[in-house]
Structures are given as structure tokens and as C-alpha cells.
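As a plain string of letters, each chain reads:
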Amino acid sequence: MIGTLANVVAVIIGGGLGLLFRRRLPARLTDSLIKAMGLCVFVIGISGAIKGDIMLLVVSLGLGTLIGEILDIDKALNRLGGWLQKKLGSGESKLAEGFVTTTLLFCVGAMAIVGSIESGLTGDHTIIFTKSVIDAVSSIVFASALGAGVLLSAIPVLLYQGSIVLFAGALQGVFSEALISQISATGCVMILAIGLNMITGAKIKVANLLPALLIAVAYYYLILV
């Protein structure tokens, strides 16, 4: 768990520094920073999405969005964000957005899965330590733009990566390289949507796309294998 804990600490420290810097930035600069980061996120999303099977993406995102809209995950997360704002005494209106944005960025991707499996099986934390540095820098930037929600993303990082580390032996046979590639591609479409939201204010309900990740796994095993 050393690698996962290091990743969590990196997100918290980076997010804290971002909040500190944010108080010193004028609103005009913060808005420009959000759009600049949105462009970077958009590129990350495209570069990962094009590696996926196109029919898997269509089916996963279609069915996943249907399920997500029925459950209205986005509304539930926004309610949670509003509740946390009241409990924390924060006027931060982008709490849920910061949480969802950085949770996807930090958890969806090969480094999170492969690094956690290696960490659990061999005790080699190299990939996770590398990811921790990247996440720390990202946390600084996104916390300065989106606020305290970035700090909350440390919780799913701990739960997600920690679970993979603990069950690494069993998951090694499940998460093949091909499956990881398809999960990452599906997640990258969501990351692309986040980029669009940041750049254009499109208001795509990214949280309602999350079930697509589970559909991608099912499609892979039922159709592609």
C-alpha cells in the first residue's frame, strides 16, 4: 500500500498548494487557466480514445449513458457536493466538478491499474511513484482552477488503487493488457468530454457516463474475447 498512500499524499499536497495559489490569482487568470487545462485534457482524451475498439466505445457509451441518466449519477454527485459545501462551510460552487474531473483523470488509465498490480504482487512501486508525481502537478493546476473538490479525489484514489493492490493476485488474470486498453479508451472519451466542458462550458454530464466503464468490461468478455 506504500505506493497508493504516496499517491494519495501527492494529491492532497498538490491540491493544497493549488488552493493556496488560487487565492492569489485574479478571476480572469483563473478562467484562462481552466481553458488551458481543458485543452490539455481534451488532447489526453483524444489520444487515449482512438486506441479503443470503435464498436465497444459506441455500445459502452450508449448503454452506459442510458443507465447513468436513469440513475442520474450526476445529480447525486452534485447533491453530495452541495452537502459537503455546507458541512465544510465552503462557498465553492465547483466542488463536484473538481471532484469528478480529477477522480477520472487519476483513476482511469493504465498506470493506475498496472502500477497497482505491480505494487501488490512484487512490491515494485516505480509506476505508482511516477504517477504520484504527475498527479501532484495536476492537482496543483486543477485545484487552482476548480477548487477544493480536487482534494476529495484522494478518497477514490485510495479506495480504487488500494483495492487493486490488495487483490492484485486475483486481478492479474482478469485485467489483461487488452482489457486495460479498452477500459482506458472508454475512460478517455469521458476525459475528452471533461475537456469540452472546461473549454466551452458544454455542461456534458460526465458522471452519467461512468456506467460505460462496466459495460466496456462486459462487452470485452462477451464479444471481443
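Scoring rules and cut-offs
- Counting from 1, residues in each chain are numbered in the order their sequence is written.
- Reporting of local features is limited, given that this is a predicted model, to residues whose pLDDT is at least 70; pairs of side-chain atoms are given and counted only at 80 or more, and all residues count toward the totals for whole chains, interfaces and linings.
- Calculated side-chain values reflect all of the structure's heavy atoms, with hydrogen atoms and water omitted.
- Only DSSP runs of H or I reaching four residues or more are called helices, and only runs of E reaching two or more are called strands; each is numbered from the N terminus.
- In this setup the radius of gyration rests on C-alpha atoms only. A globule is expected at 2.2 Å times the number of residues raised to 0.38.
- Two residues form a contact once any of their heavy atoms are found within 4.5 Å.
- Working definition of accessibility: Shrake-Rupley area with a 1.4 Å probe, residue cover restricted to the visible protein chains.
- The positive count covers Lys and Arg only, the negative count covers Asp and Glu only, and His and the chain ends enter neither.
- In plain terms, the charge of a residue is placed at NZ if it is Lys, CZ if Arg, CG if Asp and CD if Glu.
- Patches here are clusters of residues that have more than 30% relative accessible area and form no salt bridge, with a 9 Å joining cutoff for like charges and a 5 Å cutoff for nonpolar side chains (Val, Leu, Ile, Met, Phe, Trp, Tyr).
- In what follows, salt bridge is the name for a side-chain nitrogen of Lys or Arg lying within 4 Å of a carboxyl oxygen of Asp or Glu.
- Here the term buried applies to any residue with accessible area under 20% of the maximum for its type, exposed to any over 50%, and partly exposed to those in between, with areas from a 1.4 Å probe on protein chains only.
- Distance and chemistry together define a polar contact, namely a pair of N or O atoms within 3.5 Å, with one atom able to donate a hydrogen and the other to accept it when in protein, and with adjacent residues in sequence counting only for side-chain atoms on both sides.
- Planes of paired rings set the category: under 30 degrees apart is stacked, over 60 is edge-to-face and the rest tilted, where pairs are Phe, Tyr or Trp rings (Trp by its six-membered ring) whose centres lie within 6.5 Å.
- Buried residues of nine kinds, namely Ala, Val, Leu, Ile, Met, Phe, Trp, Tyr and Cys, make up a nonpolar core once their side-chain atoms join them within 4.5 Å.
- Only the stretch in contact is used when a helix axis is fitted, and all axes are lines through C-alpha atoms; the angle between N-to-C directions ranges over 0 to 180 degrees.
- Throughout, the term roughly parallel applies to angles under 35 degrees, roughly antiparallel to angles over 145, roughly perpendicular to angles from 65 to 115, and oblique to all others.
- Crossing handedness is defined as follows: a turn of the near helix away from the far one that is anticlockwise and smaller than a right angle gives a left-handed crossing, while the clockwise case is right-handed.
- When residues are sorted by character, Ala, Val, Leu, Ile, Met, Phe, Trp, Tyr, Cys and Pro go into the nonpolar class, Asp, Glu, Lys and Arg into the charged class, and all the rest, Gly among them, into the polar class.
- The span expected for a helix works out to 1.5 Å for each residue beyond the first.
- Note on scores: pLDDT gives the predictor's confidence for each residue, bounded by 0 and 100.

1. Details of the overall build of the protein chain
Okay, so step 1: Looking only at helices and strands, one finds 12 helices and 0 strands in the protein chain.
Okay, so step 2: Going residue by residue from the N terminus, the α and β elements of the protein chain occur as α-α-α-α-α-α-α-α-α-α-α-α.
Okay, so step 3: The globule rule puts the C-alpha radius of gyration for 225 residues at 17 Å, and the 17 Å found for the protein chain is close to it.
Okay, so step 4: The principal-axis extent of the C-alpha atoms belonging to the protein chain is close to 50 × 40 × 30 Å.
Okay, so step 5: Partitioning the intrachain contacts of the protein chain with sequence separation of at least 6 by distance along the chain shows that 84% fall at a separation of at least 24.
Okay, so step 6: A total of about 11,000 Å² of accessible surface is found on the protein chain, and carbon and sulfur atoms cover 72% of it.
Okay, so step 7: Computing the positive centroid from 14 side-chain charges and the negative centroid from 11, the protein chain places the two 14 Å apart.

2. Focus: a nonpolar patch on the surface
Okay, so step 1: Nonpolar side chains collect at one region of the surface, where Met1, Leu5, Leu158, Leu166 and Phe167 lie side by side and expose about 490 Å² of accessible area between them.
Okay, so step 2: Position of Met1 among the secondary structure elements: in the segment before helix 1 (2-22).

3. A few points about the side chain of Asn208
Okay, so step 1: Here Asn208 is to be found in the loop between helix 11 (177-200) and helix 12 (211-224).
Okay, so step 2: Judged by relative accessible area, which is 0%, Asn208 ranks as buried.
Okay, so step 3: Only 3.1 Å separates the side chain of Asn208 from the side chain of Glu69, close enough to count as a polar contact.
Okay, so step 4: The residues contacting Asn208, other than those within four sequence positions of it, are Gly64, Thr65, Gly68, Glu69, Asp72, Ile73 and Asp74.

4. Quick word on the packing of aromatic side chains
Okay, so step 1: As enumerated under the stated definition, the model contains 1 aromatic pair in all.
Okay, so step 2: Ring geometry for Tyr220 versus Tyr221: centroids 5.3 Å apart, planes at 80°, classification edge-to-face.
Okay, so step 3: Relative accessible area serves as the criterion here: at 37%, Tyr221 is assigned to the partly exposed category.

5. Section: the nonpolar core
Okay, so step 1: Judged by nonpolar contacts, the single largest core of 45 residues is most densely connected at Val41, Leu104, Phe142, Phe175, Met190 and Met198.
Okay, so step 2: The element contributing the most residues to this core is helix 11, with 9 residues.
Okay, so step 3: Leave out the neighbours within four places in its chain, and Val41 touches Leu105, Phe142, Ile191, Ile194, Gly195 and Met198.

6. A short note on the packing of helix 3 (residues 54-71) against helix 11
Okay, so step 1: In contact at an axis separation of 10 Å, helix 3 and helix 11 are set at 60° when each is read in the N-to-C sense. Taken as axis vectors, helix 3 and helix 11 run oblique relative to one another. Considering only the axes of helix 3 and helix 11, their crossing is right-handed. Residues Leu56, Leu57, Ser60 and Leu61 of helix 3 form the contact with helix 11, whose own contacting residues are Gln182, Ala185, Thr186 and Val189.
Okay, so step 2: Here the residues of the contact of helix 3 with helix 11 are counted per class, giving 5 nonpolar, 3 polar and no charged.

7. Description of the pattern of salt bridges
Okay, so step 1: Throughout the structure, instances matching the rule amount to 1 salt bridge.
Okay, so step 2: Asp135 is the salt-bridge partner of Lys131, the closest N and O atoms lying 2.7 Å from each other. Here Lys131 and its partner Asp135 are both found in helix 7 (residues 126-146), 4 residues apart, which amounts to about one turn of the helix.
Okay, so step 3: Of the residues examined, Lys131 reaches a relative accessible area of 4% and is grouped as buried.

8. With respect to helix 7
Okay, so step 1: Counted at 1.5 Å a residue, the expected span for helix 7 with its 21 residues is 30 Å, and the 29 Å between its end C-alpha atoms agrees.
Okay, so step 2: Those residues of helix 7 that sit buried are Ile128, Lys131, Ser132, Asp135, Ala136, Ser139, Phe142, Ala143, Ser144, Ala145 and Leu146.
Okay, so step 3: Backbone geometry just after helix 7 places Gly147 at a positive phi near 95°.

9. Considerations on the confidence of the model for the protein chain
Okay, so step 1: For the protein chain, the mean per-residue pLDDT works out to 85, and 96% of the residues sit at or above 70.
Okay, so step 2: The secondary-structure element of the protein chain with the lowest mean pLDDT is helix 4 (residues 73-88), recorded at 74, while helix 3 shows the highest, at 95.

10. Some remarks on the packing of helix 2 (residues 27-49) against helix 7
Okay, so step 1: In contact at an axis separation of 9 Å, helix 2 and helix 7 are set at 135° when each is read in the N-to-C sense. Here helix 7 runs oblique to helix 2, going by the angle between their axes. Crossing handedness for the pair helix 2 and helix 7: left-handed. Facing helix 2, whose interface residues are Thr30, Leu33, Ile34, Met37 and Val41, helix 7 presents Val141, Phe142, Ser144, Ala145 and Leu146.

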